[in-house]
Amino acid sequence: MAGMEIEFKFHVPAERLKAVEAAMRRGSVVRTRLQARYFDTADQALAAQGIVLRLRKEGRRWVQTVKATGDNALHRLEHNVDLGAAAAGGVAPAIDPLRHQGTPVGERLAQVLAASGAPLVERQSTDIVRLTRDVRTTGAGTAVVELALDVGKVIAHAGTPDERESPVCELELELKRGDVQGLVALARRWSQQHGLWFSTVSKAERGARLLAKVDAVPAVKAEAPRFAEEKEKPGGRAIQQAVVASCLAQMLPNASEIAAGSTDEEQIHQLRIGIRRLRTALRELAGLDPRAGLFNGTEWEPPLAEAFRALGALRDREQVVKLAQPQLRDAGAPEFDPLAGDDAAAEAPSPGEVVRAPAFQSVLVSLIGFTAATAADAAPQGEAPSAPAPLDAAEARRLLRKRLQKLHRQAVRDGRRFESLSAEDQHRTRKRLKRLRYLAEFAAPLFAADADDDKEKPAAERYLKRLRPAQDALGEFNDEAVALALYREATGRDARAWFAVGWFSARHAAGAKACRKALGRIAKAPRFWKKNN
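Residues numbered from 1 in each chain as written. Predicted model: local features only at pLDDT ≥ 70, side-chain atom pairs only at ≥ 80, totals over all residues. Heavy atoms only, no water.

**Considerations on the pattern of salt bridges**
Stage number 1. If you walk through the whole model with that rule in mind, you get 35 salt bridges.
Stage number 2. Notably, a salt bridge pairs R56 with E58, separated by 3.0 Å at the nearest N-O pair.
Stage number 3. A relative accessible area of 27% means that E58 is categorised as partly exposed.
Stage number 4. Notably, a salt bridge pairs K322 with E265, separated by 3.8 Å at the nearest N-O pair. Within this pair, whereas K322 is found in helix α8 (residues 301–330), its partner E265 is found in helix α7 (residues 265–284), the two being separated by 57 residues in sequence.
Stage number 5. Its relative accessible area of 38% is what places E265 among the partly exposed residues.
Stage number 6. Members of the salt-bridge network, linked through shared partners, are K9, R130, D150, E170, E172 and K203. (Salt bridge = Lys/Arg side-chain N within 4 Å of Asp/Glu carboxyl O. Buried < 20%, exposed > 50% of the residue type's maximum accessible area, 1.4 Å probe, protein only. Helix = DSSP H or I, 4+ residues; strand = E, 2+ residues; numbered from the N terminus.)

**Observations regarding the pairing of strand β7 (residues 143–156)**
Stage number 1. Burial runs high along β7: 10 of the 14 residues are buried.
Stage number 2. Here strand β6 (residues 120–137) pairs with β7 via 14 bridges, running antiparallel. By the bridge assignment for β7, T137 is matched with A143.
Stage number 3. Sheet analysis places β7 next to strand β8 (residues 164–178), joined by 14 bridges and oriented antiparallel. Bridging across to β8, V151 finds its partner in C169. (Pairing = 2+ DSSP bridges.)

**Quick notes on the environment of G492**
Stage number 1. Relative to the helices and strands, G492 is located in the loop between α15 (456–490) and α16 (497–520).
Stage number 2. For G492, a relative accessible area of 72% corresponds to the exposed category.

**Examining the side chain of Q124**
Stage number 1. The residue Q124 is located in strand β6 in this model.
Stage number 2. By relative accessible area, which is 6% here, Q124 ends up buried.
Stage number 3. Within polar-contact distance, the side chain of Q124 engages the backbone oxygen of A204 at 3.0 Å.
Stage number 4. Here Q124 is in contact with A36, R37, Y38, I155, A156, K203, A204, G207, A208 and L211, once residues within four sequence places are set aside. (Polar contact = N/O pair within 3.5 Å; in protein donor to acceptor, adjacent residues only side chain to side chain. Contact = heavy atoms within 4.5 Å.)

**Topic: the pairing of β6**
Stage number 1. Sheet topology note: the strand β2 (residues 30–41)/β6 ladder contains 12 bridges and is antiparallel. By the bridge assignment, V30 is partnered in β6 with T132.

**Details of the packing of aromatic side chains**
Stage number 1. Per the counting criterion, the structure on display carries 11 aromatic pairs.
Stage number 2. A ring pair is formed by F336 and Y487, whose centres lie 6.2 Å apart and whose planes are at 70°; its orientation type is edge-to-face. Here the residue F336 occupies a position in the loop between α8 and α9 (343–347), and Y487 occupies one in helix α15, the gap between them amounting to 151 residues. Y487 matches F336 in its accessibility class, with the two residues each being buried.
Stage number 3. When the ring of Y463 is compared with that of F528, the centres are 5.9 Å apart and the planes differ by 65°; the resulting orientation is edge-to-face. Highlighted residues: Y463 in helix α15 and F528 in the segment after α16, separated in sequence by 65 residues. Accessibility classification places Y463 together with F528 in one group, the buried group. (Phe/Tyr/Trp six-rings, centres within 6.5 Å; stacked < 30°, edge-to-face > 60°.)

**Quick look at unusual backbone geometry**
Stage number 1. At Q44, a residue that is not glycine, the phi angle is positive and equals roughly 60°.
Stage number 2. Of note, Q44 is situated in the loop between β2 and α2 (45–48).
Stage number 3. Phi angles above zero are rare outside glycine, and K213 is one such case at about 55°.
Stage number 4. In this fold, K213 is placed in the loop between α5 (203–212) and α6 (236–259).

**A short note on the confidence of the model for the chain**
When pLDDT drops low, the exact placement of atoms in the prediction is not to be read closely.
Stage number 1. When pLDDT is averaged along the chain, the result is 89; 91% of the residues meet or exceed 70.
Stage number 2. Below a pLDDT of 50 lies the segment residues 379–385, which in the model reaches 6 contacts outside its immediate sequence neighbourhood of four places, other chains included. (pLDDT = per-residue confidence, 0-100.)

Shown next as structure tokens:
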């Protein structure tokens, strides 16, 4: 059986498991024991391409499955082959990639194995007890959704002295038929009621971490949006979905790790960048499809803004001190810790608490659903027939040009008078510059596609390169403004902070002048979005 999975997967905290299981049993449930063996090459060629190949005993039957990442956070390519009842003695059938021949995911599997040339070996196994139940949704979208509660463990190096295992406790919601919005509504309800959080860590990934003996993984950074390779250029709706998917591709893995307890500074930093990029996308791309309710700001803005602020409150102060202390030491400042006795830091929520907050998780679920929704799902229920349609490809590019030109013009205008702006307006200039950068990064592939050759792409890269000195200057200026405020606040606890207050105050005028000059250079940057540039 081949197809495209559309599903959510949530981590279930141990203290919530009893309540989740009780909620599952309010309907008719099926209990199944799942014992799976996962295969890959010794150099993990399949994992590197987002492919999972497994052989699983489901009750008394064996099923061979191949999965691969799809085009967004909800989609998974999948093909299952039922191998029949288990043989006497419990001997497992042999793994055979040719069973998936002729399917899209099977072709991807064959290509990767052919390129690797290495044989398949068993990498890890799982032993799971699954409770499944079908739920029919109504209201926001009619759908039939399968709930699957998995409790068990992932095992690496089974039967050897180096055997290790990792617990599994997760709830999956898979759309069997119907409207994606029905799946989204149900996922939001279960995650809110039971304090669940969206997880990007699959069972195969858990096993790979056990094999590699790693507890921490690198932070995921931003990548350019991927627009579908079609004859027709993408219209407003497709652009919105591709850009939001790009933002989520950065946010979700980092958020998943932080929610599970990671305090890695780079993961927190990259999540904040992802939130900032997402807020830019939702604000600047709203006009591409007036029907997209998520782009009206009333639902998404407060939780995203609060998460961004909370994740940055402690990190920004610590980073500023880390950068400021060596400079102050060289200037002869007395040694002391400006964060000592800082009650605000002690009372701040942990990064995990911020990410696990129901409001933040609700926004993530809604946005993931948005990237997977079809055009028919886009309009709210009961929408009037006269509601504006999404912009077509040409109209979308005109709107993007208009938004880019406006932000560019504002940056140049603010640059000319930066030194005379209020502190609030100087900070607003920095935020606008970031929005200009992110919007330019989102739009660059679209304008590159307009050209008969690839001449436009270097133009976009050149433009972004011209923004960097201004970004650096405004970033340093902002760091010193934060440091000045922090040390001024610290004077109430330690008089030694006054040295830093005086030192940063004296640097303020020179920093503002540097920002003005750097912003002024943007005026001459070739704007890649302008025709005949």
